[in-house]
Amino acid sequence: MEKSLKSGFMGSMLGSALGDAVGELAFRFPDKGALLDEVGRSRTLIYTDDTAMALGLARSLAEVGDLDQEQLGKRFRRDFEQEPWRGYAQGPPTIFSRVKSTGCTYVEAARRIFRGEGSLGNGAAMRVAPLGLFFHGEPDLHKKARASAEITHAHPVGMDGAAVQATAVGLALHLNPGEPLDIEKFVTVLQGISSTTPIREKLHLLKELLSTNAPPQEAAPLLGRTVAVHESLPFALYAFLKHPDAFEECLLCAVLHGGDRDTLGAMACAVSGAYLGVEALPRAWLDRLENRQYMEGLALDLHGRSEARKGKRVFRTN
Ligand SMILES: [Mg+2]
């Protein structure tokens, strides 16, 4: 089965939103049967800040045609002011109000939080999928991801997590689900762009757990499920790599083992959707996904602009 890039763009953005929305429900319905019943009963699957910020990033990339930290910061702030009820953590609103009251840049404000260390939360990785799609195949994709993180998650680990997640999405987009997935190679590429010890150590452990076929009950507590990016992104990657050919299994693995369920779902399913394409997402779930048509339009727009960007790049180098 050949997957088109367009299908991967849609699969990643819609898949991540489904992971987020179903993951959020899993806080109240933490058992598989009860969760699936609730998903089946829900008229609308409502997403949280993870998807709201991913859509903000996608819009900013589409509008500017590149990553622009200040423009992205303004977009995030406007989106937050319009929908503050989406479940944002404390960091972003603190940064937004500091920028508003002092006129400093988003990066300056982000560096000051958490006693001047910046956030190492998973908030930059949870939203970064559109950037991994937009810059797919470009050698500085991971640098763009770090820059996108820096306006809210300026700690080196927070930025590194976003770089690894964006790279995983770009990598998954290029792979063909009809061919065997080389799991070890996939993680090795991520290790290659990782620049911090906490993330590198977890990727090493991830490789070990996958090679010994460790079950999720064992992997989850070892890899972590907290709001820190080095304690959640590795288990999200585990969920994808454990179930590369089954979107639903990947999603359930990510959200049914406790911790930061919505963000685990968003990160795992962004990679799974990029790999499998939109056709692999459950139709009945997509039919209930909040703002699905808007997301589809944005994914198609982003795909078109990414293609145009690559066309220009080829033209310039010729
Ligand atoms: Mg959330």
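Scroll up to find the structure this text is about.
Conventions we followed
Residues numbered from 1 in each chain as written. Predicted model: local features only at pLDDT ≥ 70, side-chain atom pairs only at ≥ 80, totals over all residues. Heavy atoms only, no water. Helix = DSSP H or I, 4+ residues; strand = E, 2+ residues; numbered from the N terminus. Rg over C-alpha atoms; globule rule 2.2 N^0.38 Å. Buried < 20%, exposed > 50% of the residue type's maximum accessible area, 1.4 Å probe, protein only. Areas by Shrake-Rupley, 256 points an atom, 1.4 Å probe, with all protein chains shown as cover. Lys, Arg positive; Asp, Glu negative; His and termini not counted. Charge placed at Lys NZ, Arg CZ, Asp CG, Glu CD. Phe/Tyr/Trp six-rings, centres within 6.5 Å; stacked < 30°, edge-to-face > 60°. Salt bridge = Lys/Arg side-chain N within 4 Å of Asp/Glu carboxyl O. Polar contact = N/O pair within 3.5 Å; in protein donor to acceptor, adjacent residues only side chain to side chain. Contact = heavy atoms within 4.5 Å. Core = buried A, V, L, I, M, F, W, Y, C linked by side-chain atoms within 4.5 Å. Expected span 1.5 Å × (residues − 1). Axes fitted to C-alpha atoms, helices over the stretch in contact; angles between N-to-C directions. Left-handed = near helix turned anticlockwise from the far one by under 90°. Arc of directions from axis to C-beta. Disulfide = S-S within 2.5 Å.

Trainee: Before we go on, may I ask you to explain the overall build of the chain in this structure?
Mentor: Along the backbone of the chain there are 17 helices and zero strands. For 318 residues, the compact-globule formula gives about 20 Å, and the C-alpha radius of gyration of the chain, at 18 Å, lands near that figure. Taking the principal axes of the C-alpha coordinates as reference, the chain spans close to 50 × 50 × 40 Å. Looking at the chain as a whole, 60% of its 318 residues qualify as buried. Split by element, the accessible area of the chain, about 12900 Å² in all, is 52% carbon and sulfur. Both charge centroids of the chain, one from 37 positive and one from 39 negative side chains, sit 5 Å from each other.

Trainee: Even after reading the chapter, I still don't get the packing of aromatic side chains, so can you show me in this structure?
Mentor: Think of a pair of aromatic rings as described by two things: how far the centres are apart, and how the planes are tilted against each other in angle. By the definition in use, this model includes seven aromatic pairs. Joined through ring pairs, the aromatic side chains of F80, Y88, F96 and Y106 make up one cluster.

Trainee: Can you help me understand the side chain of R127 in this one?
Mentor: Considering the arrangement of structural elements, one finds R127 in the loop between α6 (106–116) and α7 (129–134). D49 provides the closest opposite charge to the buried, salt-bridge-free R127, at an N-O distance of 8.4 Å. Looking at R127, its side chain comes within polar contact range of the main-chain oxygen of S148, at 2.8 Å. If near-sequence neighbours (up to four positions away) are discounted, R127 is found in contact with D50, M53, A54, L57, F76, S148, A149, I151, T152 and H153.

Trainee: What is the right way to look at unusual backbone geometry in this model?
Mentor: Most peptide bonds take the trans configuration, and most residues that are not glycine carry a negative phi. Phi angles above zero are rare outside glycine, and F114 is one such case at about 55°. Relative to the assigned elements, F114 resides in helix α6.

Trainee: Please explain the nonpolar core as it appears in this structure.
Mentor: Looking at soluble globular proteins, one finds that nonpolar side chains tend to be buried together. Judged by nonpolar contacts, the single largest core of 109 residues is most densely connected at L18, L35, L131, F186, L206, L237 and L251. In this structure, L206 is in contact with V187, L223, P234, L237, Y238 and L241, ignoring residues within four places of it in sequence.

Trainee: What should I look at first to understand helix α9 (residues 156–174) in this one?
Mentor: Quick reminder: α-helices carry 3.6 residues per turn. Residues three or four places apart thus point the same way. Taking 1.5 Å of rise per residue, 19 residues should cover 27 Å, and α9 covers 27 Å from first to last C-alpha, within 8% of that figure. For α9, a buried count of 16 out of 19 residues is recorded, marking the element as mostly surrounded by other parts of the structure.

Trainee: Quick question: what am I supposed to make of the pattern of salt bridges here?
Mentor: Once the charged atoms of two side chains with opposite charge are near each other, the side chains can pair. Under the defined criterion, the tally for this structure stands at 17 salt bridges. D79 serves as the salt-bridge partner of R75, at 3.3 Å between the closest nitrogen and oxygen. One end of the pair, R75, and the other, D79, are both in helix α4 (residues 69–82), four residues apart, so they sit about a helical turn from each other. In this pair, the class of R75 matches that of D79, namely buried. Notably, a salt bridge pairs K310 with E138, separated by 3.3 Å at the nearest N-O pair. Of the two residues, K310 is situated in helix α17 (residues 292–317) and E138 in the loop between α7 and α8 (141–150); the sequence distance between them amounts to 172 residues. Its relative accessible area of 15% is what places K310 among the buried residues. Here E138 falls in the buried class, since its relative accessible area comes to 8%. Through salt bridges with shared partners, one network takes in R59, E63, R75 and D79.

Trainee: Mind showing me how you'd approach the packing of helix α2 (residues 32–41) against helix α14 (residues 247–255) here?
Mentor: When two helices pack together, you describe them by how their axes are tilted relative to each other and by the distance separating the axes. Contact geometry of α2 with α14 gives a least axis separation of 12 Å together with a crossing angle of 120°. The handedness of the crossing between α2 and α14 comes out as right-handed. Across the interface between the two elements, K32, L35 and L36 from α2 touch E249, L252 and V255 from α14.

Trainee: Could you clarify how one ought to interpret helix α12 (residues 216–223) in this entry?
Mentor: Those residues of α12 that fall on the buried side of the exposure criterion are P216, A219, A220 and L223. For α12, the buried positions fall inside an angular range of 100° around the axis, keeping them on one side. Among the exposed residues of α12, those pointing more than 90 degrees away from its buried face are Q217 and P221. The elements touched by buried residues of α12 are α11 (197–211), α13 (233–242) and α14. Of the residues trailing α12, G224 is marked for its positive phi of about 100°.

Trainee: I tried to follow the state of the cysteines on my own but got confused; where do I start?
Mentor: Covalently bonding the sulfur atom of one cysteine to the sulfur atom of another cysteine gives a disulfide. Taken as a whole and judged by the stated rule, the model has zero disulfides. This cysteine, C253, is not joined by any disulfide, and C250 carries the nearest cysteine sulfur, 7.1 Å off. Judged by its relative accessible area of 5%, C253 is buried.

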